[in-house]
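Spelled out from the first residue to the last, the chains are:
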Amino acid sequence: MGTPAIEVQGLSLGYRSGRYSLTVLDNVSLTVPEGEFLTILGPSGCGKSTLLRVVANLLEPLSGDIRVLGEAPAAIRKKRQTGFVFQDATLLPWRTVRNNVRLPAVVGGRLARPITDDRIDNILALLGLQGLGDRYPNQISGGQRQRVAIARALIDEPRILLMDEPFGALDEITRDRLNDELLNIWRATKTTILFVTHSIEEAVYLGQRIMVLGANPGRILNVRDLKPIKTADNSCHREDPAFVSEIAAQRALLAQAA
Ligand SMILES: Nc1ncnc2c1ncn2[C@@H]1O[C@H](COP(=O)(O)OP(=O)(O)OP(=O)(O)O)[C@@H](O)[C@H]1O
Ligand SMILES: [Mg+2]
């Protein structure tokens, strides 16, 4: 096995400014192999977003070691090898869909390849957004906006994709469809994905492994391998009894987490 995508040893995460100091997650150790799809569950406020922020180098850890693709998170950020999809689509309303997807190229940094209209249209098509490139965010649906945000995170071909409750605001049918689209993208790109969600079903459906964080004190409560209930390409059926009982098991774990 090569260098892990993420390697964390005894990491303490939180917020410090002036005399204010808050430790959110303590003594976190975790190895994520490159190419893995890891889903993350945990009660509100336990530190899920904080963890993603540290991986993306939007926040420094309080202490401990973190390596992303074998390097310091800052180096990886500079090389633009992480993509981030936030809970709200955060599209710029005055830019068209195409120009929102192009945004990472416009905002600083040099890219490996220029972002041409062709490349943008390819990625829009991959996400079922063909023909919408010239519309503005208020002219498309919420689910489509979320997909544009994913397209924008993918346009740099990141080796690590960090997704923070990306489908939380969508109806269940749209969410199920986007889950399958995301799995297809993951299969095609081999990108490592860290995916935070409050939906137990979504976490079990998407992940190869599932991590449950606990609060008070914030920590890793459990990590479970989902490969036994999935096929080799990480797919499963929502009606499969093994899938249903895994959801029940995760629900029981989560009940201890708050
Ligand atoms: N910028 C900040 N400064 C200080 N404290 C913060 C900051 N951002 C978050 N926190 C605190 O850190 C803790 C963890 O927050 P975080 O956003 O990581 O939780 P979360 O697990 O993502 O929750 P949710 O499921 O509600 O999104 C919370 O107690 C929160 O109030
Ligand atoms: Mg959060």
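Asks: Just give me the short version of the site of ligand 1, but keep the residues and values in it.
Replies: Near ligand 1, the surroundings consist of 15 residues, among which S44, G45, K48, T50 and H198 are the closest. At a separation of 3.5 Å, a nitrogen atom of ligand 1 approaches a polar side-chain atom of Y20. Side-chain polar atom of E165 to an oxygen atom of ligand 1: 3.5 Å apart, as the coordinates give it. The fraction of the free accessible surface of ligand 1 (640 Å²) that becomes covered by protein chains is 63%. Of all the elements in the fold, those that place two or more residues in the shell around ligand 1 are β2 (20-32) and α1 (48-55). If you tally residues by element for the shell around ligand 1, the top one is α1, at four residues. A breakdown of the residues in the shell around ligand 1 according to their chemical character gives six nonpolar, six polar and three charged.

Asks: How would you explain the layout of surface pockets if you had to name every residue and give the values?
Replies: A volume near 590 Å³ is recorded for the largest pocket. Together, 15 residues line the largest pocket, and R80, T82, G83, F84 and P104 are the ones closest to its centre. Taken together, the elements giving at least two residues each to the lining of the largest pocket come down to β5 (82-85), α4 (103-106) and α6 (142-154). For the lining of the largest pocket, the per-class residue count stands at nine nonpolar, two polar and four charged. In this model, the second largest pocket occupies a volume close to 200 Å³. Forming the boundary of the second largest pocket are R119, N122, I123, L126, L154, I155, E157, P158, I185, T189 and T191. Elements that contribute at least two residues to the lining of the second largest pocket include exactly α5 (117-126) and α7 (172-189). Per-element accounting of the lining of the second largest pocket gives the leading share, four residues, to α5.

Asks: Account for the sheet that holds strand β3 (residues 37-41), with residues named and values stated.
Replies: Taken together, six strands build an open sheet; the order of strands is β5-β6-β7-β3-β8-β9 and the sheet is mixed. Looking at the sheet topology across the chains shown, the edges are occupied by β5 and β9 (219-225). Along the sheet, successive strands turn relative to each other by an average axial angle of 15 degrees, direction set aside. Those strands touched by α1 are β3, β5, β6 (160-164), β7 (192-196) and β8 (209-214), and its axis lies near 155 degrees from that of β6.

Asks: I'd like to hear about empty space enclosed by the protein, residue by residue, with values.
Replies: All told, the structure shown has one cavity of 30 Å³ or more when counted by the stated rule. There is about 30 Å³ of room inside the largest cavity. Lining the largest cavity are L127, R147, I150, F167, L178, E181, L182 and I185. Elements represented by at least two residues in the lining of the largest cavity include exactly α6 and α7. Here the lining of the largest cavity gets four residues from one element, more than from any other, and that element is α7. Its residues placed into classes, the lining of the largest cavity shows six nonpolar, no polar and two charged.

Asks: Break down the sheet that holds β2 for me, citing the residues and quoting the values.
Replies: Spatially, three strands are ordered β2-β1-β4 in an open sheet, and the strand pairing comes out antiparallel. At either end of the open sheet lies a strand with only one pairing partner, and these are β2 and β4 (63-68). Adjacent strand axes in the sheet meet at a mean angle of 35 degrees, parallel and antiparallel pairs treated alike. Sheet topology places strand β1 (residues 6-17) next to β4; five bridges connect them, and they run antiparallel.

Asks: How would you sum up the side chain of Q146? Please name residues and give values.
Replies: Inspection of the secondary structure puts Q146 in helix α6. Look at Q146 and you get buried, because its relative accessible area is 6%. Apart from residues lying up to four places away in sequence, Q146 is in contact with V85, F86, Q87, D88, A89, P166, F167 and L170.

Asks: Requested: an account of the packing of aromatic side chains, with residues and values cited.
Replies: Using the criterion set out here, one finds five aromatic pairs in the structure. Residues Y205 and F243 carry aromatic rings whose centres are separated by 6.2 Å and whose planes lie at 85 degrees to one another, so their mutual orientation is edge-to-face. On the criterion of sequence distance, the pair formed by Y205 in helix α8 (residues 200-206) and F243 in helix α9 (residues 241-255) is long-range, its members being 38 residues apart. Residues Y205 and F243 agree in their burial class; the two are buried.

Rules used in this analysis
- Counting of residues starts from 1 at the beginning of each chain's written sequence and follows it residue by residue.
- As a convention, the first chain written is A and the first ligand written is 1, with the rest following in written order.
- Per-residue local features are limited, in this predicted model, to residues with pLDDT of at least 70; the limit for side-chain atom pairs, both in listing and counting, is 80 or more; totals at the level of whole chains, interfaces and linings are taken over all residues.
- Note that water and hydrogens are dropped before the side-chain values are worked out from all heavy atoms of the structure.
- To be near a molecule or strand, a residue needs just one of its heavy atoms within 4 Å of it.
- Think of a polar contact as two N or O atoms within 3.5 Å of one another; within protein, one of them needs to be a possible hydrogen donor and the other a possible acceptor, and neighboring residues in sequence only count if both atoms come from side chains.
- Each accessible area is a Shrake-Rupley estimate made with a 1.4 Å probe; only the visible protein chains count as cover when residues are assessed.
- The helix and strand labels rest on DSSP assignments: H or I over at least four residues marks a helix, E over at least two residues marks a strand, and numbering proceeds from the N terminus.
- When residues are grouped by polarity, Ala, Val, Leu, Ile, Met, Phe, Trp, Tyr, Cys and Pro land in nonpolar, Asp, Glu, Lys and Arg in charged, and all others, Gly among them, in polar.
- Note on definitions: the grid is 1 Å and covers protein atoms alone; a cavity is a set of points where a 1.4 Å probe fits but cannot get out; a pocket is an open set with protein on both sides within 12 Å along at least five of seven lines; lining residues have an atom within 4 Å of a point.
- Grid points are joined across faces, edges and corners, and a volume is the space filled by probe spheres set on the points.
- DSSP-based pairing: two strands are paired if at least 2 bridges between them are found.
- Inter-axis angles, ranging from 0 to 180 degrees, are taken between N-to-C directions of lines fitted to C-alpha atoms, where helices are fitted over the stretch in contact.
- Contacts were defined at the residue level, with two residues in contact if any of their heavy atoms lie within 4.5 Å.
- For every residue, the accessible area (1.4 Å probe, protein chains only) is compared with the maximum for its type, and the residue is labelled buried under 20%, exposed over 50%, or partly exposed between those bounds.
- Only centres within 6.5 Å qualify two rings of Phe, Tyr or Trp (six-membered ring in Trp) as a pair; their planes then separate them into stacked at under 30 degrees, edge-to-face at over 60, and tilted for everything else.

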